[in-house]
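Observations on the model geometry
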Amino acid sequence: MSKSLGVFRSNASNPKVWVLIGVTVAGIVVLAETRRRRRLKSNRADFGAFVERFEILPFPQPPPPAAKQSLFNLSFAIKDIFEVKDHVTSFGSPAWKRSHENAEKMAVVVTALLKNGATCIGKTVMDELGFGITGESKHYGTPINPKAPSCIPGGSSSGSAVAVAAQLVDFALGTDTVGCIRIPAAFTGILGYRPSHGAVSTVGVLPVAQSLDTVGWFARDPSILHQVGCTILQLNVVEPRRTKCLLFADDLFQFYKVPQHKTFSVITKVIEKLSGYEHPKHINLSEHIAKNVSSLKGFHENSTKVQNGTSALKALSSVMISLQRYEFKSNHEEWVKSASPNLASEVAKNIHLAINSTYDNVKMLYKVRTELRATLQALLKDNKILVIPTVADPPSQLNSKNAYYTECNERALMLSSIASISGCCQVAIPLGEHDNFPISVSFIAYHGGDKFLLDTLLDMYSSLQEQASIASNSALLPDTNGDIDTSEILKEKGNAAFRQKLWNKAVNYYTEAIKLNNMNTVYYCNRAAAYLELGWSDILFNFFLILHVKFLHITSPICFNFCSFQQAEEDCMKAISLDKKNVKAYLRRGTARESLLHYKDAAHDFSFALVLEPQNKVASQAVERLKKLMS
């Protein structure tokens, strides 16, 4: 080494040496870039869905006159969490792959598919160690979402979802722990099925959290989704046809970013046309869970970010995450500490929390699980199917790690926690598009009701797609459903204007919605919020005018500001007359009254909001603030 260094020093002044070094470095850079581009080109050819491509042929067909195997001539891919004989499972992590040997056996569910005539063509990308719902992979690259290439595909079964959405396979296997089938299905616009917990064998599948883990699958065609289900769930018994009743979770659709004429109305119109369906029913699911799952009370959090009325679901999602972390620690703590894997930052944070947290309330986690299972079994027994949004938001942009991104993930987990904790079966169903992003709703049936749910999907799917196509392509004008649809469209326009801080425009849209439907609490509440913002923005405007114009006559503007707050107060009073337990209305009326200097009345409103929602931080802070003002 010292001799080589000496030679270099003696020739350092020779320009030919530097030319040689430059050419060498340039060659290395070009070679690296060429390899990178080849990898990128290869990834784009299969949308970056696969970690490993291979072909495993199905078992031989039975000789005639026997019928062909049920999955004959179908291809499938599997998430890189399933064991395949003579292949190393990477679990989304090169470190895991380096520290493990080839599998000696095939996962039971993969064998079942091969026995029934399907051909396996490879393993797909997943989030590292199954920890994530975005589908982004530091080591293997993020699969490209065919429906929205600049957005995340959703995870952790991202590669399997993309392989199906890109029509590379007929169906694909994934796993679902905290939404890892349902979320990518929603983001890529395909069908995704999470079966009843324990209904499909997990032998030969790497565990994340056994109390939540299920083997699920994706498809574009409902008949293929149904056939795969019948195969791996062994659903050979013909069930008697039952009248079905769809139960809409109204409170969950309130924070879905899609107009109701593309969700509620689509499903309702299908029910009206098909035989064998009762008139749909409605429920406030968050309230129902809060009332019937008593053990959940200890998990409620003080958070201003949680939308009013969804605190029970926020608590439920925290139970789900705690259970996932606790069981992951039990399964993999020893490997994580010995291997010290190089993890993506977000995964590393979650793994660190899982490994280093203490779990003093484990019994309560399992108690919540038991109580929620019983609650939903009672709610959905016989013939009911719960209808909810699969996700609350469209897929986030790639590499966006802002506060909104975090909030979207939290809302997605709140929705997925319902089936994950209860163990009920759930299917994510595409319903066209809104703002160029896929729309997805979910049907949930009782635990063990898989055939009932799959049969219902098969019965409704073509009609759902027909109505969804009409809704997606129709102009935003009154349709056959009349003023209710139109008022919802106007409300959504008002919401969009509100987000853009166009307060006057928002007020106008909400006013038009109220003219069409003057019994909707949400319209009054939303207009009150816009009036409040309008009042405060005018106060700020006048404040700056006063700073610049010494002798400005300000009587008229201030009177206008008071009118905005008075209008907000009146809207909230109307909302409360329609719904005595509307926390938002009490909070906004309290804010309006405080702005009008009616401190005693404002304190009363905030106090009543606390009675309805004891953990509401905004209300508790307002009560303390008003006490000081009144003293």
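As annotated in an unreviewed UniProt entry, the chain carries the name Amidase domain-containing protein and comes from Erythroxylum novogranatense.

1. Let's talk about the pattern of salt bridges
Inspection of the entire model under this criterion finds 21 salt bridges. Note that Asp176 and Arg194 form a salt bridge whose closest N and O atoms lie 2.9 Å from each other. In this pair, Asp176 is assigned in strand E4 (residues 171–176) and Arg194 in strand E5 (residues 191–194), connecting sequence segments 18 residues apart. Pair check on accessibility: Asp176 and Arg194 agree, each one buried. A salt bridge links Lys281 to Glu278, with the shortest nitrogen-to-oxygen separation between them at 3.5 Å. Residue Lys281 is classed as partly exposed on the basis of its relative accessible area, which comes to 37%. Connected via shared salt-bridge partners are Lys257, Asp393, Glu407 and Arg411.

2. Here we look at the packing of helix H13 (residues 362–380) against helix H14 (residues 403–422)
Between H13 and H14, the least distance of the axes is 8 Å, while the angle of their chain directions is 95°. Considering the angle they form, H13 stands roughly perpendicular to H14. In contact with Val368, Arg369, Leu372, Arg373 and Leu376 of H13, H14 contributes Ser417, Ile418, Ile421 and Ser422.

3. Focus: the side chain of Ser158
Within the secondary structure, Ser158 sits in helix H5 (residues 158–165). Here Ser158 is in contact with Val125, Met126, Asp127, Gly135, Pro143 and Pro153, once residues within four sequence places are set aside.

4. A look at the UniProt feature "repeat: TPR" (unreviewed entry) in the chain
Here the UniProt-annotated "repeat: TPR" (unreviewed entry) positions come out as residues 487–520 and 583–616. What you have in residues 583–616 is 79% helix and 0% strand, and the ends, taken at the C-alpha atoms, are 9 Å apart.

5. A few points about helix H17 (residues 503–516)
With 14 residues, H17 should cover 20 Å at 1.5 Å per step; its first-to-last C-alpha distance of 20 Å lies within 8% of that length. When we look at burial in H17, the residues that qualify are Trp503, Ala506, Val507, Tyr510, Ala513 and Ile514. Seen end-on, H17 carries its buried residues on one side only, within an arc spanning 125°.

6. Considering the nonpolar core
Of all hydrophobic cores here, the largest spans 127 residues; its most connected members are Phe82, Phe171, Ile267 and Phe443. Examining the composition of this core, we find that 11 residues originate from one element, helix H11 (residues 311–339), more than from any other. Residues contacting Phe443, with those up to four places away along its chain left out, are Leu246, Ile267, Ile385, Leu386, Val387, Cys425, Gln426, Val427, Ile429, Leu453, Met460 and Leu464. Core analysis: the next-biggest nonpolar cluster, separate from the first, contains 20 residues, Ile514, Leu587, Ala602 and Ala619 among them.

7. Focus: the packing of helix H20 (residues 583–595) against helix H21 (residues 599–612)
As a packed pair, H20 and H21 sit with axes 8 Å apart at the nearest point and diverge in direction by 160°. By the criterion of interaxial angle, the relationship of H20 to H21 is roughly antiparallel. At the point where H20 passes H21, the crossing takes the left-handed sense. Seen from H20, the contacting residues are Val583, Tyr586, Leu587, Arg589, Gly590, Thr591, Arg593 and Glu594; seen from H21, they are Tyr599, Asp601, Ala602, Asp605, Phe606, Phe608, Ala609 and Leu612. Looking at side-chain class alone, the contact of H20 with H21 contains nine nonpolar, two polar and five charged residues.

8. Re the pairing of strand E9 (residues 384–389)
Burial analysis of E9 places five of its six residues in the buried class, which makes it a mostly covered element. Judged from the four bridges that link them, strand E7 (residues 245–249) and E9 form a sheet pairing that is parallel. Each residue of the ladder has a partner; that of Leu246, found in E9, is Ile385. For E9 and strand E11 (residues 437–445), the ladder comprises four bridges, and the chain directions are antiparallel. Its bridge partner lying in E11, Ile388 is registered against Ser442.

9. Topic: the side chain of Ser487
In this structure, Ser487 sits in helix H16 (residues 483–499). Leave out the neighbours within four places in its chain, and Ser487 touches Ala513, Leu516, Asn517 and Tyr523.

10. Structural notes on unusual backbone geometry
Pro65 follows Pro64 through a cis peptide bond whose omega is 10°. Following Gly155, the chain continues into Ser156 via a peptide bond in cis, with omega recorded as 10°. Among the secondary structure elements, Ser156 is positioned in the loop between strand E3 (119–124) and H5. The phi dihedral of Asn73 is positive, around 75°, even though this residue is not glycine. Take Asn73: it is sitting in the loop between strand E1 (50–56) and strand E2 (75–79). Residue Asn436 is not a glycine yet carries a positive backbone phi of 70°. Position of Asn436 among the secondary structure elements: in the loop between strand E10 (425–434) and E11.

11. Some words on the packing of aromatic side chains
Evaluation of the coordinates by the stated rule reveals 14 aromatic pairs. Ring centres 5.0 Å apart and planes at 35° place the aromatic pair Tyr193 and Trp217 in the tilted group. Taken together, the residues span a long stretch of sequence, with Tyr193 in strand E5 and Trp217 in strand E6 (residues 214–219) at a distance of 24 residues. Judged by relative accessible area, Trp217 falls into the buried class, the value being 0%. The ring of Phe50 carries Arg53 above its face, with NZ or CZ at 4.2 Å from the centroid.

Calculation notes
- By convention here, each chain's residues receive numbers from 1 onward along its written sequence.
- In view of the model being predicted, local features appear only for residues whose pLDDT reaches at least 70, and side-chain atom pairs are presented and counted only at 80 or more, with totals across whole chains, interfaces and linings using the full set of residues.
- As a convention, hydrogens and water are excluded, and side-chain values are obtained from all of the structure's heavy atoms.
- By definition here, a salt bridge exists when the distance from a side-chain nitrogen of Lys or Arg to a carboxyl oxygen of Asp or Glu is within 4 Å.
- Secondary structure follows DSSP: runs of H or I at least 4 residues long count as helices, runs of E at least 2 residues long count as strands, and numbering of each begins at the N terminus.
- Buried means the residue's accessible area, taken with a 1.4 Å probe over protein chains only, is under 20% of the maximum for its type, while exposed means over 50%, and partly exposed covers the values in between.
- Note on method: axes are straight lines fitted to C-alpha atoms, helices fitted across the in-contact stretch only, with angles between N-to-C directions ranging 0 to 180 degrees.
- Comment on the angle field: the value is read as roughly parallel under 35 degrees, roughly antiparallel over 145, roughly perpendicular from 65 to 115, and oblique elsewhere.
- In this description, contact between two residues means that some pair of their heavy atoms is separated by no more than 4.5 Å.
- UniProt positions are given in the numbering used here, feature names are shortened, and annotations may be inferred rather than shown by experiment.
- Every helix has an expected span of 1.5 Å times one less than the residues it contains.
- Taking the helix axis as origin, the arc is that swept by the directions to the C-beta atoms.
- By convention a nonpolar core is built from buried Ala, Val, Leu, Ile, Met, Phe, Trp, Tyr and Cys residues, the set being connected through side-chain atoms within 4.5 Å.
- Take the far helix as the reference: if the near one is turned anticlockwise from it by less than a right angle, the crossing is left-handed, and if turned clockwise, right-handed.
- Throughout, the ten residues Ala, Val, Leu, Ile, Met, Phe, Trp, Tyr, Cys and Pro are labelled nonpolar, Asp, Glu, Lys and Arg are labelled charged, and all others, Gly among them, are labelled polar.
- Pairing between two strands is assigned when DSSP locates at least 2 bridges connecting them.
- Side-chain rings of Phe, Tyr and Trp, where Trp is taken by its six-membered ring, are said to pair if the distance between their centres is within 6.5 Å; with planes under 30 degrees apart they count as stacked, over 60 as edge-to-face, and otherwise as tilted.
- Here, a charge over a ring means that NZ of Lys or CZ of Arg falls within 6 Å of the ring centre while also lying within 35 degrees of the ring normal.

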